Amino acid sequence: MQEALLSREQQVWEKLQLVTDPEITSVNLIEMGMVEKVIVEGNQVEVQLIPTYIGCPALNMMEEDVIEAVSQVQGVDEVKVSFLRTPIWTSDRITAEGREKLKEFGIAPPPLAPKQEGIWEIECPYCNSPKTVMNNIFGPTACRSIFYCNSCKNPFEAIKPV
Amino acid sequence: MTKSYQTPEEAKQDQAYLEVLSELIYQLADDDLVISHRGSEWLGLAPHIEEDVAFSSITQDTMGHAAMYYQMLEELGFGKADDIAYLRKPEEYRNALLTERPNGKGHYKEDPDYDWGYAIIRNYAYEVFKKARLDSLEKSSYVPLAQTAQKIKREQFYHLYHWEVWIDQLAHSTEEAQKRLNAAIKKTWDDLESLFDLGAKGEAMVQFGLVEASDVLKQSFINRFQAKIEGAGLEWPGVFVPLEVSGREGKHTPEFFAALNELNEVYKLDPQAKW
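Because the structure is a prediction, the values reported are computed rather than measured.

A tally of helices and strands in chain A yields three helices and nine strands. Going residue by residue from the N terminus, the α and β elements of chain A occur as α-β-β-β-β-α-β-α-β-β-β-β. Along the three orthogonal principal directions, the C-alpha set of chain A runs to about 60 × 25 × 25 Å. For chain A, the residues scored as buried account for 47% of the 162 residues in total. In chain A, 52% of the contacts between residues at least 6 apart in sequence involve partners at least 24 apart. Counting only carbon and sulfur atoms, one obtains 48% of the accessible surface of chain A, whose full area is about 7900 Å². Side chains of chain A give 14 positive and 23 negative charges; the mean places of these two sets differ by 7 Å.

Set out below in structure tokens:
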């Protein structure tokens, strides 16, 4: 019995690998550091997520996507998603894999262990040049800023360190 | 050492605590809701496209902060978060007067003649106050509130910084810019006290260890705001103007009623709709 439960949890984690942030479709929720815990009790599954920005309109979509994906696991009748108040999501929670995939999407990963300061330095996700300038701390989504690379002349976005 | 409460269930066991706690959360939620509604009216009207992106992001974050507080009220048994946000009577809103002031003359849909100087100073004053209050809430006896404050602070850091960049840039530009900023500071000053008003249950909030006293928040506000204003060569008005009516007691301006009608217009059409 215990073995069966364990494998169901593993199946849930596998399904969660398919759920991405609808605004950054190359990175899944696990890589974003948003999945804290999966609790399997018989046919019921609870997925505990850590919200990035509460004002982020993608959160509701992610919730629905998680329910849809996890419902496909055989034997699962009920899926519940809960957003935790603690731990707090910080940009350091993005995994090493997630950081690489962000670059593929044209988004620079956030600086590691950031001290919150007004302006930070970041490498261009296209050419890795450090010769970049910030155009706007605020970008097209709550979690991103807009930069420009003076080396390869590309504008790009970066995950804002929080 | 005051008693701390780990969960909503625990807080609900203590009726006296619950009453005071909820009063504070209503103030926190309504301040963020109403100022972000005023922010949303600037959409498309900010001085340039980058500012539109920035200001609307700040507004979106702030609306999110309000949502967190309404969620807390829901957990404490005060009804559905969206209903609390949208369906209360105007006199049940506890926001400070400064947050509800119009952006200027006109309407965002028709002949908006908004005052960018006032936008900068009003929002900066609000954010400096908000930072002082969040610093205090981090030590709150209601643990979920302390955790929420920590989370909000990480986003709010950028909001505060944003308005400081505007002040530094404009204060060192033209004489007209300085004149407008100084006028905006005077105008903001008339309502400043409203932020620090904790309402009739204020003393109890402090006794329960929920938040620090107004004087403590004020000193923290003055330390940062005065240094920024004087450092930029602008005029620090000094003493706050005493409060005449209290938004914390549900007293609001006619402009607030109009704003609220717009804010809840869509939700009221069908409160059961799923978004």
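So much for the structure itself; the text now carries on.
Moving on to the overall build of chain B. Counting its regular elements, chain B contains twelve helices and two strands. What you see in chain B, going N to C, is helices and strands ordered as α-α-α-α-α-β-β-α-α-α-α-α-α-α. Relative to the 2.2 N^0.38 estimate, which gives 19 Å for 275 residues, the radius of gyration of chain B is 18 Å and therefore close to what a compact globule would have. Dimensions of chain B along its principal axes, counting C-alpha atoms only, are 60 × 45 × 35 Å. Counting all 275 residues of chain B, 53% fall into the buried class. Restricting the contact set of chain B to residue pairs at least 6 apart, pairs at least 24 apart contribute 77%.

Moving on, we get to the environment of Leu29 of chain A. All names here are of chain A. Tracing the sequence through the fold places Leu29 in the loop between β2 (24-28) and β3 (35-41). Using a relative accessible area of 0% as the deciding quantity, one classes Leu29 as buried. Sequence-wise, Leu29 and Leu16 are 13 residues apart; in three dimensions their C-alpha atoms are separated by 7.0 Å. For Leu29, the contacting residues outside a window of four places in its chain are Leu16, Val19, Thr20, Asp21, Met34, Val35, Leu49, Met62 and Val66.

With that out of the way, let us pick up the domain arrangement of chain A. Residues and elements named next belong to chain A. Along its sequence, chain A is organised into domain 1 (2-83) and domain 2 (96-159). A straight line from the C-alpha centre of domain 1 to that of domain 2 covers 27 Å. Every contact between the two is made by seven residues of domain 1 and, on the other side, eleven residues of domain 2. For the pair domain 1 and domain 2, the two sides together bury roughly 860 Å², of which 66% comes from carbon and sulfur. Across the contact surface, domain 1 and domain 2 share one salt bridge. The closest approach of N and O atoms between Glu31 and Lys101, which form a salt bridge, is 2.6 Å. At the junction of domain 1 and domain 2, the tally comes to three residue pairs in polar contact (both at pLDDT 80 or more). A class-by-class count of the residues in the side of domain 1 that touches domain 2 yields three nonpolar, two polar and two charged.

This part takes up the sheet that holds strand β6 (residues 107-108) of chain A. All names here are of chain A. One open sheet holds the four strands; their spatial order is β6-β9-β8-β7, and the pairing between them is mixed. Edge positions in the open sheet fall to β6 and β7 (132-136), since each of these has one partner strand only. As paired strands, β6 and strand β9 (residues 155-159) are joined by two bridges and run parallel to one another. Bridge pairing links Ile107 to Glu157 in β9.

Attention now moves to the layout of surface pockets. By volume, the second largest pocket amounts to about 360 Å³. Lining of the second largest pocket is provided by 15 residues; of these, Asn135 and Asn136 of chain A together with Glu51, His162 and Val165 of chain B occupy positions nearest its centre. Mapped by element, the contributors of at least two residues to the lining of the second largest pocket are β7 of chain A together with α3 (49-75) and α7 (143-171) of chain B. Sort the elements by how many residues they give to the lining of the second largest pocket and α7 of chain B lands first, with five residues. Grouping the amino acids of the lining of the second largest pocket by side-chain chemistry returns eight nonpolar, five polar and two charged.

All names here are of chain B. Where α7 contacts helix α8 (residues 175-196), the axes come no closer than 8 Å and their chain directions differ by 135°. Between α7 and α8, the angle falls in the class oblique. On the side of α7, the interface is formed by Ile167, Leu170 and Ala171, while α8 contributes Ala177, Gln178 and Leu181. Of the residues in the contact of α7 with α8, the class split is five nonpolar, one polar and no charged.

Within a pair of aromatic rings, the relevant descriptors are the distance that separates the centres and the angle that separates the planes. Residues and elements named next belong to chain B. According to the stated counting rule, one finds 26 aromatic pairs over all chains in the structure shown. Relative to Trp116, the ring of Phe55 has its centre 5.8 Å away and its plane inclined at 70°; by these criteria the two rings are edge-to-face. Of the two residues, Phe55 sits in helix α3 while Trp116 sits in helix α6 (residues 116-137), which places them 61 residues apart along the sequence. With respect to class, Phe55 is no different from Trp116; both count as buried. Taking the centre distance of 5.6 Å and the plane angle of 50° together, the rings of Trp189 and Phe225 count as tilted. With Trp189 in helix α8 and Phe225 in helix α10 (residues 214-231), this pair connects stretches of sequence that are 36 residues apart. In this structure, Trp189 and Phe225 share a single accessibility class: buried. Cluster of aromatic residues (ring-pair linked, three or more members): Tyr124, Tyr126, Phe129, Trp189, Phe196, Phe221, Phe225, Trp236 and Phe240. Stacked on the ring of Tyr93, the Lys or Arg Arg88 has its end atom at 4.1 Å from the ring centre. For Lys187, the ring lying beneath its charged end belongs to Tyr118, and the centroid distance is 4.1 Å.

Definitions and limits used
Residues numbered from 1 in each chain as written. Chains lettered and ligands numbered in written order. Predicted model: local features only at pLDDT ≥ 70, side-chain atom pairs only at ≥ 80, totals over all residues. Heavy atoms only, no water. Helix = DSSP H or I, 4+ residues; strand = E, 2+ residues; numbered from the N terminus. Buried < 20%, exposed > 50% of the residue type's maximum accessible area, 1.4 Å probe, protein only. Contact = heavy atoms within 4.5 Å. Areas by Shrake-Rupley, 256 points an atom, 1.4 Å probe, with all protein chains shown as cover. Lys, Arg positive; Asp, Glu negative; His and termini not counted. Charge placed at Lys NZ, Arg CZ, Asp CG, Glu CD. Rg over C-alpha atoms; globule rule 2.2 N^0.38 Å. Domains from an automatic or database assignment. Buried area = accessible area lost by both parts, 1.4 Å probe. Salt bridge = Lys/Arg side-chain N within 4 Å of Asp/Glu carboxyl O. Polar contact = N/O pair within 3.5 Å; in protein donor to acceptor, adjacent residues only side chain to side chain. Nonpolar A, V, L, I, M, F, W, Y, C, P; charged D, E, K, R; others polar. Pairing = 2+ DSSP bridges. 1 Å grid on protein atoms, 1.4 Å probe; cavity = no way out; pocket = protein on both sides within 12 Å on 5 of 7 lines; lining within 4 Å. Points joined across faces, edges and corners; volume = space filled by probe spheres on them. Axes fitted to C-alpha atoms, helices over the stretch in contact; angles between N-to-C directions. Parallel < 35°, antiparallel > 145°, perpendicular 65-115°, else oblique. Phe/Tyr/Trp six-rings, centres within 6.5 Å; stacked < 30°, edge-to-face > 60°. Lys NZ or Arg CZ within 6 Å of the ring centre and 35° of its normal.

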